[in-house]
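Okay, here's what each chain looks like letter by letter:
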Amino acid sequence: MAFPQTRMRRLRATHQLRGLVRETQLSASDFVYPLFVAEGLTGRAPIWTMPGIDRLSVEEAIIEAGAAAGLGIPAVILFGIPTHKDAEGSGAYAEDGIVQVATRAIKQAHPDLIVVTDLCLCEYTDHGHCGVLRERVGHAGTEHTVDNDATLELLARTAVSQALAGADIVAPSDMMDGRVGVIRAALDEAELSEVPIMAYSSKFASAFYGPFRAAADSAPAFGDRRSYQMDPANGTEAVRESLLDAQEGADMLMVKPALPYLDIIRRVREATELPLVAYNTGGEYSMLKAAAAAGYMDEQQSVLEALTGIKRAGADIIITYHAKDAAQWLT
Ligand code: PBG
Ligand code: ZN
(Lines give C-alpha, C1' and ligand atoms only; values in the text may rest on other atoms or scores of the structure.)
(Ligands and ions follow the chains in the order given, each with its own letter.)
Protein backbone atom coordinates (compact mmCIF):
# COMPACT_ATOMS: atom_id res chain seq x y z
CA MET A 1 0.00 0.00 0.00
CA ALA A 2 1.17 3.46 -0.79
CA PHE A 3 0.09 6.94 0.19
CA PRO A 4 -2.45 7.91 1.54
CA GLN A 5 -2.90 4.57 3.39
CA THR A 6 0.82 4.47 4.15
CA ARG A 7 2.13 7.46 6.05
CA MET A 8 5.74 7.13 7.23
CA ARG A 9 5.30 10.09 9.55
CA ARG A 10 2.86 8.17 11.85
CA LEU A 11 5.71 6.44 13.69
CA ARG A 12 7.78 9.63 13.89
CA ALA A 13 5.15 11.66 15.68
CA THR A 14 6.51 11.51 19.23
CA HIS A 15 9.77 10.88 21.08
CA GLN A 16 8.24 7.70 22.50
CA LEU A 17 7.16 6.29 19.11
CA ARG A 18 10.54 7.08 17.60
CA GLY A 19 12.19 5.26 20.50
CA LEU A 20 9.93 2.24 20.01
CA VAL A 21 10.93 1.74 16.37
CA ARG A 22 14.58 2.80 16.64
CA GLU A 23 16.80 0.21 14.90
CA THR A 24 20.20 1.14 16.31
CA GLN A 25 20.90 1.62 20.01
CA LEU A 26 24.06 3.44 20.97
CA SER A 27 25.29 2.80 24.49
CA ALA A 28 28.30 3.52 26.70
CA SER A 29 28.85 -0.25 26.74
CA ASP A 30 29.86 -0.04 23.04
CA PHE A 31 32.82 2.25 23.68
CA VAL A 32 36.55 1.87 24.15
CA TYR A 33 38.29 5.02 25.42
CA PRO A 34 41.89 5.71 24.28
CA LEU A 35 44.47 6.89 26.83
CA PHE A 36 47.90 8.37 26.05
CA VAL A 37 50.30 7.54 28.85
CA ALA A 38 53.58 9.44 28.85
CA GLU A 39 56.70 8.25 30.63
CA GLY A 40 58.32 10.84 32.90
CA LEU A 41 55.32 13.19 32.81
CA THR A 42 53.84 14.62 35.99
CA GLY A 43 50.15 15.41 35.78
CA ARG A 44 48.64 16.08 32.37
CA ALA A 45 49.68 17.84 29.18
CA PRO A 46 47.10 18.97 26.63
CA ILE A 47 47.36 17.62 23.07
CA TRP A 48 47.02 20.63 20.77
CA THR A 49 45.65 18.61 17.82
CA MET A 50 42.93 16.96 19.94
CA PRO A 51 41.11 19.47 22.17
CA GLY A 52 39.85 17.83 25.36
CA ILE A 53 42.38 14.97 25.24
CA ASP A 54 45.55 15.03 27.36
CA ARG A 55 48.75 13.10 27.67
CA LEU A 56 48.68 11.47 31.09
CA SER A 57 51.11 10.38 33.77
CA VAL A 58 50.48 6.88 35.10
CA GLU A 59 48.70 8.38 38.13
CA GLU A 60 46.46 10.49 35.89
CA ALA A 61 45.79 7.48 33.65
CA ILE A 62 44.47 5.60 36.67
CA ILE A 63 42.14 8.54 37.43
CA GLU A 64 41.01 8.86 33.80
CA ALA A 65 40.42 5.10 33.53
CA GLY A 66 38.31 5.29 36.70
CA ALA A 67 36.29 8.17 35.26
CA ALA A 68 35.57 6.17 32.11
CA ALA A 69 34.57 3.10 34.13
CA GLY A 70 32.30 5.28 36.28
CA LEU A 71 30.45 6.35 33.15
CA GLY A 72 29.79 2.75 32.12
CA ILE A 73 32.58 2.50 29.54
CA PRO A 74 33.86 -1.09 29.71
CA ALA A 75 37.34 -0.68 28.20
CA VAL A 76 40.31 1.60 27.61
CA ILE A 77 43.02 1.23 24.98
CA LEU A 78 46.53 2.33 25.98
CA PHE A 79 49.11 4.14 23.86
CA GLY A 80 52.56 4.76 25.28
CA ILE A 81 54.88 7.72 24.84
CA PRO A 82 58.35 6.62 25.94
CA THR A 83 61.25 8.87 26.96
CA HIS A 84 63.72 6.78 24.97
CA LYS A 85 63.41 5.63 21.35
CA ASP A 86 65.75 3.41 19.34
CA ALA A 87 65.93 1.63 15.98
CA GLU A 88 64.33 -1.58 17.32
CA GLY A 89 61.60 0.07 19.39
CA SER A 90 62.81 -1.71 22.53
CA GLY A 91 60.51 0.38 24.75
CA ALA A 92 57.55 -1.50 23.27
CA TYR A 93 58.60 -4.82 24.82
CA ALA A 94 60.52 -3.66 27.90
CA GLU A 95 59.23 -5.16 31.15
CA ASP A 96 59.20 -1.64 32.63
CA GLY A 97 57.95 -0.03 29.40
CA ILE A 98 55.39 2.72 29.86
CA VAL A 99 52.44 0.63 28.62
CA GLN A 100 53.45 -2.32 30.80
CA VAL A 101 53.73 -0.05 33.87
CA ALA A 102 50.43 1.69 33.12
CA THR A 103 48.64 -1.62 32.48
CA ARG A 104 49.73 -3.04 35.84
CA ALA A 105 48.71 0.17 37.62
CA ILE A 106 45.29 0.48 35.95
CA LYS A 107 44.45 -3.20 36.44
CA GLN A 108 45.38 -2.95 40.09
CA ALA A 109 43.19 0.12 40.64
CA HIS A 110 40.29 -1.00 38.41
CA PRO A 111 40.36 -4.81 38.08
CA ASP A 112 37.03 -4.96 36.22
CA LEU A 113 37.95 -2.42 33.56
CA ILE A 114 39.15 -4.08 30.35
CA VAL A 115 42.62 -2.88 29.38
CA VAL A 116 43.40 -3.18 25.67
CA THR A 117 47.00 -2.45 24.63
CA ASP A 118 47.78 -1.03 21.22
CA LEU A 119 50.57 -3.19 19.87
CA CYS A 120 52.94 -1.42 17.50
CA LEU A 121 56.51 -0.17 17.34
CA CYS A 122 56.05 3.31 15.83
CA GLU A 123 55.82 5.14 19.17
CA TYR A 124 59.08 3.47 20.25
CA THR A 125 61.27 3.59 17.12
CA ASP A 126 63.53 6.61 16.55
CA HIS A 127 62.54 6.57 12.84
CA GLY A 128 58.81 6.41 13.63
CA HIS A 129 57.96 3.44 11.40
CA CYS A 130 55.85 0.53 12.62
CA GLY A 131 58.63 -2.04 12.20
CA VAL A 132 62.37 -2.43 11.91
CA LEU A 133 64.10 -1.02 8.85
CA ARG A 134 66.24 -2.79 6.31
CA GLU A 135 68.51 -1.05 3.83
CA ARG A 136 67.96 -1.93 0.24
CA VAL A 137 70.03 -0.79 -2.71
CA GLY A 138 67.63 0.14 -5.47
CA HIS A 139 68.04 2.07 -8.72
CA ALA A 140 67.46 5.33 -6.82
CA GLY A 141 70.30 4.56 -4.39
CA THR A 142 70.03 3.18 -0.86
CA GLU A 143 66.50 3.15 0.46
CA HIS A 144 64.87 1.91 3.63
CA THR A 145 62.03 -0.56 3.78
CA VAL A 146 60.17 -1.92 6.78
CA ASP A 147 61.30 -5.52 7.16
CA ASN A 148 58.12 -7.56 7.60
CA ASP A 149 59.50 -10.84 8.93
CA ALA A 150 62.12 -9.29 11.22
CA THR A 151 59.37 -7.13 12.73
CA LEU A 152 57.13 -10.13 13.52
CA GLU A 153 59.47 -11.36 16.22
CA LEU A 154 59.44 -7.99 18.01
CA LEU A 155 55.65 -7.76 17.78
CA ALA A 156 55.35 -11.21 19.33
CA ARG A 157 57.67 -10.17 22.18
CA THR A 158 55.61 -7.03 22.71
CA ALA A 159 52.36 -9.01 22.84
CA VAL A 160 53.72 -11.41 25.44
CA SER A 161 55.16 -8.60 27.54
CA GLN A 162 51.88 -6.65 27.45
CA ALA A 163 49.85 -9.74 28.34
CA LEU A 164 52.22 -10.58 31.20
CA ALA A 165 51.70 -7.05 32.51
CA GLY A 166 47.97 -7.79 32.63
CA ALA A 167 46.55 -6.61 29.30
CA ASP A 168 43.12 -8.18 28.78
CA ILE A 169 43.30 -7.80 24.99
CA VAL A 170 46.24 -7.06 22.66
CA ALA A 171 45.56 -5.00 19.55
CA PRO A 172 48.21 -5.19 16.80
CA SER A 173 48.08 -2.03 14.64
CA ASP A 174 51.29 -2.45 12.62
CA MET A 175 49.88 -4.02 9.42
CA MET A 176 52.73 -6.51 8.97
CA ASP A 177 51.70 -9.65 7.08
CA GLY A 178 51.31 -12.74 9.25
CA ARG A 179 51.47 -10.92 12.57
CA VAL A 180 48.23 -12.26 14.00
CA GLY A 181 49.35 -15.87 13.57
CA VAL A 182 52.78 -15.20 15.03
CA ILE A 183 51.33 -13.29 18.00
CA ARG A 184 48.77 -16.04 18.65
CA ALA A 185 51.51 -18.68 18.65
CA ALA A 186 53.73 -16.63 20.97
CA LEU A 187 50.90 -16.00 23.45
CA ASP A 188 49.95 -19.67 23.45
CA GLU A 189 53.58 -20.70 23.93
CA ALA A 190 53.81 -18.37 26.95
CA GLU A 191 50.67 -19.94 28.48
CA LEU A 192 48.65 -16.83 27.64
CA SER A 193 46.20 -18.66 25.43
CA GLU A 194 43.21 -16.90 27.02
CA VAL A 195 44.32 -13.42 25.88
CA PRO A 196 42.29 -12.31 22.83
CA ILE A 197 43.69 -10.52 19.77
CA MET A 198 41.83 -7.47 18.46
CA ALA A 199 43.37 -7.12 15.00
CA TYR A 200 43.54 -3.79 13.23
CA SER A 201 42.72 -5.71 10.03
CA SER A 202 41.64 -3.01 7.60
CA LYS A 203 43.88 -0.15 8.58
CA PHE A 204 44.10 2.41 5.83
CA ALA A 205 47.01 4.80 5.15
CA SER A 206 45.02 7.80 6.31
CA ALA A 207 45.42 11.54 6.79
CA PHE A 208 42.98 11.15 9.70
CA TYR A 209 45.87 9.83 11.85
CA GLY A 210 47.54 13.26 11.76
CA PRO A 211 46.19 14.48 15.12
CA PHE A 212 47.08 11.16 16.77
CA ARG A 213 50.67 11.26 15.54
CA ALA A 214 51.12 14.65 17.19
CA ALA A 215 49.60 13.18 20.36
CA ALA A 216 51.71 10.03 20.37
CA ASP A 217 54.81 11.57 18.80
CA SER A 218 54.79 8.74 16.24
CA ALA A 219 55.02 10.44 12.83
CA PRO A 220 57.52 8.69 10.53
CA ALA A 221 60.81 10.62 10.28
CA PHE A 222 60.88 9.99 6.51
CA GLY A 223 58.48 8.61 3.92
CA ASP A 224 55.00 7.42 4.83
CA ARG A 225 53.18 4.21 5.79
CA ARG A 226 51.77 3.39 2.35
CA SER A 227 53.93 0.29 1.91
CA TYR A 228 52.21 -1.40 4.84
CA GLN A 229 48.89 0.34 5.55
CA MET A 230 46.07 -0.09 3.01
CA ASP A 231 45.28 2.05 0.00
CA PRO A 232 42.15 4.09 0.85
CA ALA A 233 40.70 3.21 -2.55
CA ASN A 234 40.43 -0.54 -1.84
CA GLY A 235 37.37 -2.30 -0.42
CA THR A 236 37.69 -5.86 -1.67
CA GLU A 237 41.23 -5.98 -0.32
CA ALA A 238 39.88 -4.99 3.12
CA VAL A 239 37.63 -8.04 3.09
CA ARG A 240 40.66 -10.19 2.17
CA GLU A 241 42.74 -8.70 5.01
CA SER A 242 39.88 -9.38 7.45
CA LEU A 243 39.43 -12.99 6.36
CA LEU A 244 43.18 -13.60 6.60
CA ASP A 245 43.32 -12.21 10.14
CA ALA A 246 40.34 -14.35 11.10
CA GLN A 247 42.14 -17.40 9.66
CA GLU A 248 45.30 -16.57 11.62
CA GLY A 249 43.33 -16.55 14.85
CA ALA A 250 42.10 -13.00 15.42
CA ASP A 251 39.25 -12.84 17.95
CA MET A 252 38.00 -9.43 16.80
CA LEU A 253 38.49 -7.48 13.60
CA MET A 254 38.81 -3.74 13.12
CA VAL A 255 38.18 -1.15 10.44
CA LYS A 256 40.07 2.12 10.76
CA PRO A 257 39.30 5.01 10.24
CA ALA A 258 35.53 4.74 10.66
CA LEU A 259 33.54 7.58 9.12
CA PRO A 260 35.16 7.71 5.65
CA TYR A 261 35.04 3.87 5.57
CA LEU A 262 31.45 2.99 6.56
CA ASP A 263 31.10 0.86 3.42
CA ILE A 264 34.10 -1.20 4.56
CA ILE A 265 32.51 -1.71 7.99
CA ARG A 266 29.38 -2.99 6.25
CA ARG A 267 31.31 -5.28 3.89
CA VAL A 268 33.43 -6.81 6.65
CA ARG A 269 30.31 -7.20 8.81
CA GLU A 270 28.69 -9.22 6.04
CA ALA A 271 31.81 -11.25 5.23
CA THR A 272 32.65 -12.51 8.76
CA GLU A 273 30.99 -13.40 12.02
CA LEU A 274 33.69 -12.01 14.31
CA PRO A 275 32.97 -9.07 16.60
CA LEU A 276 33.74 -5.93 14.63
CA VAL A 277 35.47 -2.86 16.00
CA ALA A 278 35.54 0.55 14.31
CA TYR A 279 38.20 3.11 15.20
CA ASN A 280 36.78 6.64 15.19
CA THR A 281 40.21 8.26 14.76
CA GLY A 282 41.75 11.44 16.08
CA GLY A 283 41.09 13.21 12.79
CA GLU A 284 37.39 12.36 12.91
CA TYR A 285 37.25 13.55 16.53
CA SER A 286 39.09 16.83 15.95
CA MET A 287 37.05 17.63 12.85
CA LEU A 288 33.84 17.68 14.89
CA LYS A 289 35.48 19.40 17.86
CA ALA A 290 36.77 22.18 15.60
CA ALA A 291 33.42 22.61 13.86
CA ALA A 292 31.64 22.74 17.21
CA ALA A 293 34.15 25.22 18.65
CA ALA A 294 33.66 27.45 15.61
CA GLY A 295 29.91 27.30 16.16
CA TYR A 296 29.25 25.58 12.82
CA MET A 297 27.54 22.52 14.35
CA ASP A 298 26.07 21.30 17.60
CA GLU A 299 28.65 19.03 19.23
CA GLN A 300 26.35 16.67 21.10
CA GLN A 301 24.03 16.05 18.16
CA SER A 302 26.77 15.68 15.57
CA VAL A 303 28.86 13.33 17.72
CA LEU A 304 25.92 11.07 18.62
CA GLU A 305 24.80 11.02 14.97
CA ALA A 306 28.30 10.08 13.78
CA LEU A 307 28.66 7.31 16.38
CA THR A 308 25.18 5.98 15.59
CA GLY A 309 26.14 5.88 11.91
CA ILE A 310 29.24 3.82 12.69
CA LYS A 311 27.14 1.36 14.67
CA ARG A 312 24.39 1.22 12.03
CA ALA A 313 27.06 0.43 9.41
CA GLY A 314 27.81 -2.77 11.37
CA ALA A 315 30.32 -2.03 14.13
CA ASP A 316 29.76 -3.77 17.47
CA ILE A 317 32.39 -1.76 19.31
CA ILE A 318 33.62 1.80 18.76
CA ILE A 319 37.01 3.11 19.86
CA THR A 320 36.39 6.81 20.28
CA TYR A 321 37.87 9.89 21.94
CA HIS A 322 34.26 11.07 22.38
CA ALA A 323 33.54 8.10 24.68
CA LYS A 324 33.30 10.01 27.97
CA ASP A 325 31.20 12.84 26.53
CA ALA A 326 28.93 10.46 24.62
CA ALA A 327 28.47 8.20 27.65
CA GLN A 328 27.38 11.24 29.65
CA TRP A 329 24.97 12.43 26.97
CA LEU A 330 23.46 8.95 26.65
CA THR A 331 22.45 8.77 30.32
C1 PBG B 1 49.97 3.01 15.65
C2 PBG B 1 48.58 3.55 15.66
C3 PBG B 1 48.08 4.67 14.98
C4 PBG B 1 46.74 4.80 15.40
C5 PBG B 1 46.47 3.75 16.27
N6 PBG B 1 47.61 2.98 16.40
C7 PBG B 1 48.72 5.66 14.08
C8 PBG B 1 49.34 5.29 12.82
O9 PBG B 1 49.22 4.17 12.30
O10 PBG B 1 50.02 6.18 12.28
C11 PBG B 1 45.80 5.89 14.96
C12 PBG B 1 44.80 6.37 15.99
C13 PBG B 1 44.12 7.65 15.60
O14 PBG B 1 44.35 8.20 14.53
O15 PBG B 1 43.31 8.14 16.42
N16 PBG B 1 50.28 2.24 14.52
ZN1 ZN C 1 52.52 1.87 14.19
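Worth saying up front: this structure is predicted, and the values here are computed from it rather than measured. (Residues numbered from 1 in each chain as written. Chains lettered and ligands numbered in written order. Predicted model: local features only at pLDDT ≥ 70, side-chain atom pairs only at ≥ 80, totals over all residues. Heavy atoms only, no water.)

Student: Which residues make up the coordination of the zinc ion (ligand 2), and what are the values?
Tutor: Looking at the zinc ion (ligand 2), the protein donor atoms are Cys120 (SG), Cys122 (SG) and Cys130 (SG), and they sit 2.2 to 2.3 Å from it. Between the four donor atoms coordinating the zinc ion (ligand 2), the angles at the centre fall across 98 to 121 degrees, so the site counts as tetrahedral. Spacing between the donor residues of the zinc ion (ligand 2) along the chain follows C-x1-C-x7-C. Taken together, the residues span a long stretch of sequence, with Cys120 in the loop between β5 (114–119) and β6 (133–138) and Cys130 in the loop between β5 and β6 at a distance of 10 residues. For Cys130, a relative accessible area of 0% gives the class buried. (Donors = N, O, S within 2.8 Å, 3.2 Å for Na, K, Ca; no water. Tetrahedral: all angles 85-135°; square planar, octahedral: opposite > 155°, others 65-115°. Helix = DSSP H or I, 4+ residues; strand = E, 2+ residues; numbered from the N terminus. Buried < 20%, exposed > 50% of the residue type's maximum accessible area, 1.4 Å probe, protein only.)

Student: Would you mind going over the pairing of strand β12 (residues 317–320) in detail, with residue names and values included?
Tutor: What you see with β12 is no split at all: Ile317 and Ile319 on one side and Ile318 and Thr320 on the other are buried throughout. Two elements, strand β1 (residues 31–38) and β12, share two bridges in a ladder whose sense is parallel. Among the inter-strand pairings, Phe31 is bridged to a residue of β12, identified as Ile318. Bridge count between strand β11 (residues 276–280) and β12: four bridges; the pairing is parallel. In the strand pairing of β12, Ala278 is matched with Ile318. (Pairing = 2+ DSSP bridges.)

Student: Give a description of the site of ligand 1 that names residues and reports values.
Tutor: Taken together, 20 residues form the shell around ligand 1, and within it Lys203, Arg213, Lys256, Gly282 and Tyr321 come nearest. Taken by itself ligand 1 offers 400 Å² of open surface, and the protein chains cover 100% of this. At the level of elements, β9 (198–203) and α6 (210–216) are the ones that each hand at least two residues to the shell around ligand 1. Along the lines of polarity and charge, the residues of the shell around ligand 1 split into 10 nonpolar, four polar and six charged. (Near = heavy atom within 4 Å. Areas by Shrake-Rupley, 256 points an atom, 1.4 Å probe, with all protein chains shown as cover. Nonpolar A, V, L, I, M, F, W, Y, C, P; charged D, E, K, R; others polar.)

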